[in-house]
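Reading the structure
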Amino acid sequence: MSGHYNFAYLDEQTKRMIRRAILKAIAIPGYQVPFASREMPMPYGWGTGGVQVTAAILGANDVLKMIDQGSDDTTNAVALRGFFEKTAGVATTTRTEDATVIQTRHRIPEMTLQEHQVLVYQVPIPEPLRFLEPRETETRKMHAMEEYGLMHVKLYEDIATHGHIATTYAYPVKVMGRYVMDPSPTPKFDNPKMDRMAALQLYGAGREKRIYAIPPFTDVVSLDFEDHPFDVQEWPDTACALCGAEGVYFDEVITDDHGGRMFCCSDSDYCEMRRAAGHIGDQTRFTEAAE
Amino acid sequence: MDDQPLLSVTGVSKFYGGQIGCNDVSFDLYPGEVLAIVGESGSGKTTLLNCISTRLEPTAGTVEYAMRDGRMSDLYQMGEAERRFLMRTDWGFVHQNPADGLRMGVSAGANVGERLMAIGQRHYGNIRSEAADWMERVEIAVGRIDDRPSQFSGGMRQRLQIARNLVTAPRLVFMDEPTGGLDVSVQARLLDLVRGLVADLGLSIIVVTHDLAVARLLSHRMMVMKSGHVIESGLTDQVLDDPREPYTQLLVSSILQV
């Protein structure tokens, strides 16, 4: 079937246009570069921005991994992986370490990424100031003039309402001491991983027609107050029920109608890798004992 | 009062095509002085206020401001970044409709604290206590610090707007009909408050109003505008007690006597 499509679906001129936007985004870390987002054969909100970025940077020898909520086997990940298998014919994988291009929705893999890898994020709303200042003309000016007081107004409101900074995802960061950026809907748990990451990070927002980037080894600081410093979610005394991992980002899974629940790694590849290496969690242990 | 003016306006004109907004207005404003611009609707007073507060570029003329280091600086020659910085630190702007000057969707405390955060304060406790302090000064119960302005009455909103503007200790505040739409008893308290703040903080204010009573209570000097021209100016008491221009006489005699 792939013979019916141009490589990776988009035509070459479009890919060039997107590459130019990507280069500009890398040159100005954290700055939102407008680009002529195309109609894609999937609805907005399903990752059209990330898909266009991936299509523009994909080469025939790349190995692609797709993540949706940390997992390789949820609808969005399966559908988009299939899309590129069909239109580009590239090799795909679920293993983080084997991938050269990783497109993600929400999560950054638990495993530390390397210099030869590129992480592509699907972004719904690229403008961190949007919910406080609805005018695009004004937010652009605020970025240009570095007027970021408003960003702290949001954090102030959190503390005033909840007693702590209650923003748990899309937590605003300052890139290279200049632009304030929205790290897509990733949980703030993953924010520290963005700081000085070896891999290139690209962000694509299809509906909003913006691309932005964090070059490798760039300083990324999460905004906070001196007396309410940034911190990440913690699950004290919790280990993955399948692989026994601690200190990772957990999914809570309801197992029955009687309040039964378990926690397991949100990063499915990380969990599988650990189990393959012989780590076991409580559930695995009980199941094996029952057998 | 100082010898050097805080704001020096020379020959400011604004034309909307062939229409005159305001024509050839010149005046100096000194530190601690309150100047009222009065006139009926359409006389060009709001246009003039917008021209001198950098919200609307004039067709001709210059507006110079004494920066904190004492140097006079032409507002329309400086960069936009510097101008905006001035707007949110050294100046205040009180809108007639508080909804224009407040963020209605965030709490009162955040509204007051926004300017502090904009100039780099990053300590939540300090920002909050300063916001509480200012709410007290403008007579809003501190217990309402986490309520949104949309839950406030018109008078409270206007006082909150004033607090939000004054928190960075500006030297110059522009007010556009600050008492418009408020009932008289609320007006009186607001005017009292502003008078107190002017005396305490040594503020300079340029206030635009069609209400001559507001001008008399607040201002030291006043300018009367008609059809875009300043037709009379002088000390407030002098202009109101002994108006020379026929139009001013008409305005003064039009005040409702109760």
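Here we summarise the structure given alongside this text.

**Looking at the pattern of salt bridges**
Inspection of every chain in the model, using the stated rule, returns 34 salt bridges over all chains. One salt bridge in this structure joins Lys141 of chain A and Glu80 of chain B, with 3.1 Å as the shortest N-O distance. Of this pair, Lys141 of chain A sits in helix α4 (residues 136–144) while Glu80 of chain B sits in helix α2 (residues 80–89), placing the two residues on different chains. The class for Glu80 of chain B is partly exposed, based on a relative accessible area of 32%. Between Asp241 of chain B and Arg216 of chain B there is a salt bridge, with its nearest N and O atoms 3.0 Å apart.

**Some points on the state of the cysteines**
The term disulfide refers to a covalent linkage connecting the sulfur atoms of a pair of cysteines. Applying the stated criterion across every chain, the model contains 0 disulfides over all chains. Free cysteine Cys265 of chain A: the closest other cysteine sulfur is in Cys243 of chain A, separated by 3.6 Å. Cys22 of chain B supplies the cysteine sulfur nearest to Cys51 of chain B, a cysteine that is in no disulfide, at a spacing of 4.7 Å.

**So, the interface of chain B and chain A**
Taken together, the contacts link 20 residues of chain B with 20 residues of chain A. Buried surface at the junction of chain B and chain A, both sides included, amounts to about 1900 Å², of which 58% is carbon and sulfur. When residues of chain B are sorted by the area they lose upon contact with chain A, Arg84, Arg122 and Tyr124 of chain B head the list and together hold 39% of the total. For the pair chain B and chain A, the number of links is 5 salt bridges. For Glu147 of chain A, the salt bridge identified is with Arg88 of chain B, shortest N-O distance 2.8 Å. Run the count over chain B and chain A and you get 13 residue pairs in polar contact (both at pLDDT 80 or more). Looking at the side of chain B that touches chain A, the elements with two or more residues in it are α2, α4 (108–118) and α5 (124–137) of chain B. Considering every element that reaches the side of chain B that touches chain A, the biggest residue donor is α4 of chain B, with 5 residues. Tallied by class, the residues present in the side of chain B that touches chain A amount to 8 nonpolar, 4 polar and 8 charged.

**Structural notes on the sheet that holds strand β4 (residues 60–66) of chain B**
Residue and element names in this part refer to chain B. A sheet is described by the order of its strands in space; here 4 strands give the open sequence β2-β1-β4-β5, paired in antiparallel fashion. On the outer flanks of this sheet lie β2 (19–29) and β5 (72–74), each paired with one strand and no other. Neighbour-to-neighbour, the strand axes of this sheet turn through a mean angle of 25°, independent of strand direction. Here 3 bridges tie β4 to β5, and the two strands are oriented antiparallel to one another. Looking across to β5, one finds that Glu64 is bridged to Asp74. Where helix α1 (residues 45–52) meets the sheet, it contacts β1 (7–16), β2 and β4, and its direction lies at approximately 125° from that of β1.

Reading guide: rules and limits
The residue count restarts for each chain, going from 1 along the sequence in the order it is written. Whichever chain is written first is A, and whichever ligand is written first is 1; the rest continue in order. Only residues with pLDDT of at least 70 are given local features in this predicted model, and only at 80 or more are side-chain atom pairs given and counted; all residues enter the totals for whole chains, interfaces and linings. Values reported for side chains reflect all heavy atoms of the structure, with hydrogen atoms and water molecules removed beforehand. Basic side-chain nitrogens of Lys or Arg form a salt bridge, by our definition, when they fall within 4 Å of a carboxyl oxygen of Asp or Glu. The helix count covers DSSP runs of H or I at least four residues long, the strand count covers runs of E at least two residues long, and both are numbered beginning at the N terminus. Any residue under 20% of the maximum accessible area for its type is buried, any over 50% is exposed, and the rest in between are partly exposed; the area is computed with a 1.4 Å probe on protein chains only. Disulfides are defined in this document as cysteine sulfur pairs within 2.5 Å. Between two residues, a contact is recorded if the distance between any of their heavy atoms is within 4.5 Å. By definition, the buried area sums, over both parts, the 1.4 Å-probe accessible area that each loses when the two are put together. N or O atoms within 3.5 Å of each other form a polar contact, as long as, within protein, one can give a hydrogen and the other can take it, and as long as residues adjacent in sequence are counted only when both atoms are side-chain atoms. When residues are grouped by polarity, Ala, Val, Leu, Ile, Met, Phe, Trp, Tyr, Cys and Pro land in nonpolar, Asp, Glu, Lys and Arg in charged, and all others, Gly among them, in polar. At least two bridges found by DSSP between two strands is the condition for calling them paired. Geometry is summarised by axes, namely lines fitted to C-alpha atoms with helices restricted to the contacting stretch, and by angles between N-to-C directions that run from 0 to 180 degrees.

Just geometry here; none of it tells us what the structure is for.
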